[in-house]
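Analysis of the macromolecular model
Now for the letters of each chain:
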Amino acid sequence: MDTRSERVGVVMGHQGPYVQLRPYGGGKEWDADPGAVRQATPAERLRAATAYANARSRGEVP
């Protein structure tokens with residue numbers, strides 16, 4: 001969970017002073033300050049998974 005952007009992401013790696021996160025279900029990575037990243041709560045993970053499933057059902061993501 002990137003607390004600055006309020007986005008849930010999967011940690012993909014580290015580059016320089018940043019943690020690289022990718023949105024749940026795929027998409028463009030973004031850099032986050034390691035001090036602003038924490039483990040997402042079960043409710044936050046469920047919300048991200050539900051948003052992804054809804055977007056897929058609408059044909060918005062492959």
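This text gives an overview of the structure that appears in the document. (Residues numbered from 1 in each chain as written. Predicted model: local features only at pLDDT ≥ 70, side-chain atom pairs only at ≥ 80, totals over all residues. Heavy atoms only, no water.)

Here's the deal with a nonpolar patch on the surface
A grouping of Val10, Met12 and Tyr24 is seen on the molecular surface, where their side chains present a nonpolar patch of about 270 Å² in accessible area. Counting through the fold element by element, Met12 comes out in strand β1 (residues 9–15). Overall, the relative accessible area of 41% leaves Met12 in the partly exposed class. (Patch = residues over 30% accessible without salt bridge, like charges linked within 9 Å, V, L, I, M, F, W, Y side chains within 5 Å. Areas by Shrake-Rupley, 256 points an atom, 1.4 Å probe, with all protein chains shown as cover. Salt bridge = Lys/Arg side-chain N within 4 Å of Asp/Glu carboxyl O. Helix = DSSP H or I, 4+ residues; strand = E, 2+ residues; numbered from the N terminus. Buried < 20%, exposed > 50% of the residue type's maximum accessible area, 1.4 Å probe, protein only.)

What to know about the pairing of strand β2 (residues 18–23)
Direction of pairing for β1 relative to β2: antiparallel, over a ladder of six bridges. Each residue of the ladder has a partner; that of Val10, found in β2, is Arg22. Hairpin connection of β1 to β2: two residues between the antiparallel strands, including Gly16 at a positive phi of 60°. Here β2 pairs with strand β3 (residues 30–32) via three bridges, running antiparallel. (Pairing = 2+ DSSP bridges.)

Brief notes about the packing of aromatic side chains
Within the structure shown, the criterion is met by one aromatic pair. Taking the centre distance of 5.9 Å and the plane angle of 85° together, the rings of Tyr24 and Tyr52 count as edge-to-face. Here Tyr24 is found in the loop between β2 and β3, whereas its partner Tyr52 is found in helix α1 (residues 42–57), with 28 residues between them in sequence. Since its relative accessible area comes to 22%, Tyr52 is described here as partly exposed. Directly above the ring of Trp30 sits Arg7, whose terminal nitrogen or CZ lies 3.7 Å from the centroid. (Phe/Tyr/Trp six-rings, centres within 6.5 Å; stacked < 30°, edge-to-face > 60°. Lys NZ or Arg CZ within 6 Å of the ring centre and 35° of its normal.)

A look at the pattern of salt bridges
One pass over the structure, following the stated rule, counts four salt bridges. Across the pair Glu29 and Arg22 runs a salt bridge whose closest N-O atoms are separated by 3.0 Å. For Arg22, a relative accessible area of 28% puts it in the partly exposed group.

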